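# Structural features, examined
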Amino acid sequence: MHEPCRAVTAFDAALHSLIADMVATMYAAEGVGLAANQVGVGLKIFVFDCPADDGYFHHGVVCNPTVRVPTGRDRVLDDGDEGCLSLPGAFVTCPRPDFAEVTGVDLFGEPVSYSGDGLLARCLQHETDHLDGIVFADRLSKRARKTLLKEAARSSESFPADWPATAG
Ligand code: ZN
């Protein structure tokens, strides 16, 4: 999970069937996003279906994403809870910029861009991080990371693997 993924170069039937599997896996796990390396494929692809602060769910597929977040005076950190389908059932506070824009290409190689606030901003950053070999535990303080791993260990004992999580 700490290895950066490779860029997608072939927008073929194999890619489309991988993306269909990722979407199905995300919904089965009740996550809001999923990166290809979470299902063992080292390609830069993520899928998401996630609410923003407007209450609406936004969904899409992004290959080869680049994420931009506000800098300087426009940068406001949101202190929301974050989880990850790779650590089911565990959530900790993870400060992140409250807005994010992702650009990349879709499953046909056509340019796409998604942006948003709320949980969507968090999700777009979290999934792009995965593809760059960064897991959100890397962005936590030592103490928060400890809490996260403890919670993950506890919930893997008490819940089945498909325990719903608002995570990606
Ligand atoms: Zn994750």
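Conventions and cut-offs
Residues numbered from 1 in each chain as written. Predicted model: local features only at pLDDT ≥ 70, side-chain atom pairs only at ≥ 80, totals over all residues. Heavy atoms only, no water. Core = buried A, V, L, I, M, F, W, Y, C linked by side-chain atoms within 4.5 Å. Buried < 20%, exposed > 50% of the residue type's maximum accessible area, 1.4 Å probe, protein only. Helix = DSSP H or I, 4+ residues; strand = E, 2+ residues; numbered from the N terminus. Contact = heavy atoms within 4.5 Å. Expected span 1.5 Å × (residues − 1). Arc of directions from axis to C-beta. 1 Å grid on protein atoms, 1.4 Å probe; cavity = no way out; pocket = protein on both sides within 12 Å on 5 of 7 lines; lining within 4 Å. Points joined across faces, edges and corners; volume = space filled by probe spheres on them. Nonpolar A, V, L, I, M, F, W, Y, C, P; charged D, E, K, R; others polar. Lys, Arg positive; Asp, Glu negative; His and termini not counted. Salt bridge = Lys/Arg side-chain N within 4 Å of Asp/Glu carboxyl O. Pairing = 2+ DSSP bridges. Axes fitted to C-alpha atoms, helices over the stretch in contact; angles between N-to-C directions.

A few words now on the nonpolar core. Ranked by size, the top nonpolar core spans 16 residues in total, and within it Phe46, Phe48, Val62, Leu120 and Leu124 carry the most contacts. When contributions to this core are tallied by element, the ones reaching two or more residues are strand S2 (45–51), strand S8 (99–105) and helix H2 (118–131). Top element by residues in this core is H2. It accounts for five residues. Apart from the residues lying within four places of it in its own chain, the contact partners of Phe46 are Met22, Leu34, Ala35, Gly60, Val61, Val62, Pro65, Val102, Leu124, Glu127, Thr128 and Leu131.

What follows covers helix H1 (residues 13–28). Here H1 is 16 residues long and its end C-alpha atoms lie 22 Å apart, about the 22 Å a rise of 1.5 Å per residue gives. Among the residues making up H1, those that are buried are Leu15, Leu18, Ile19, Met22 and Met26. When H1 is viewed along its axis, its buried side chains cluster within an angular range of 100 degrees and face the same direction. Turned more than 90 degrees from where H1 packs its buried face, Ala13, Ala14, Asp21 and Ala28 sit exposed. The secondary structure elements touched by the buried residues of H1 are strand S1 (33–35), S2 and strand S3 (57–68).

Take the layout of surface pockets next. Estimates place the volume of the largest pocket at around 150 Å³. Contributing to the lining of the largest pocket are Val67, Val69, Arg75, Leu77, Pro95, Arg96, Pro97, Gln125, Asp129 and Arg139. Those elements that place two or more of their residues in the lining of the largest pocket are strand S7 (96–97) and H2. Across the lining of the largest pocket, the residue classes tally to five nonpolar, one polar and four charged.

Take H2 next. Residue pairs spaced three or four apart in an α-helix point in one direction, given the helix's 3.6 residues per turn. Compared with an ideal rise of 1.5 Å per residue, which puts 14 residues at 20 Å, H2 spans 21 Å between its outermost C-alpha atoms and is within 8% of the ideal. Where burial is concerned, most of H2 is hidden: 13 out of the 14 residues are buried. Once H2 ends, the next one or two residues include Gly133, with phi positive near 85 degrees.

Bringing the side chain of Asp106 into the picture now. Relative to the assigned elements, Asp106 resides in the loop between S8 and strand S9 (111–117). Buried charge without a salt bridge: Asp106, with Lys44 as the nearest opposite-charge side chain at an N-O distance of 17 Å. Not counting residues within four places of it along the chain, the set of residues in contact with Asp106 comprises Phe11, Val61, Cys63 and Val112.

Taken together, five strands build an open sheet; the order of strands is S1-S2-S3-S8-S9 and the sheet is antiparallel. Because the sheet does not close on itself, it has two edges, and the strands there are S1 and S9. Neighbour-to-neighbour, the strand axes of this sheet turn through a mean angle of 35 degrees, independent of strand direction. The sheet contact formed by S1 and S2 spans three bridges and is antiparallel. Bridging across to S2, Gly33 finds its partner in Phe48. Taken strand by strand, H1 contacts S1, S2 and S3, and its axis lies near 35 degrees from that of S2.

For the rest of this paragraph, the subject is the pattern of salt bridges. Enumeration over the complete set of coordinates arrives at seven salt bridges. In this structure, Arg139 and Asp129 form a salt bridge, with 2.6 Å as the shortest nitrogen-oxygen distance. Placement of the pair is Arg139 in the loop between H2 and helix H3 (142–158) and Asp129 in helix H2, with a sequence separation of 10 residues. With a relative accessible area of 6%, Asp129 lands in the buried category. Connected through salt bridges with shared partners, the residues Asp78, Glu82, Arg96, Arg122, Asp129 and Arg139 form a single ionic network.

This brings us to the pairing of S3. Each regular strand shows side chains that alternate between the opposite faces of the sheet. Sheet analysis places S2 next to S3, joined by seven bridges and oriented antiparallel. Looking across to S3, one finds that Ile45 is bridged to Cys63. Connecting S2 to the antiparallel partner S3 that follows it, the hairpin turn spans five residues, and Gly55 within it adopts a positive phi of roughly 85 degrees. Pairing between S3 and S8: four bridges, direction antiparallel. Among the inter-strand pairings, Thr66 is bridged to a residue of S8, identified as Thr103.

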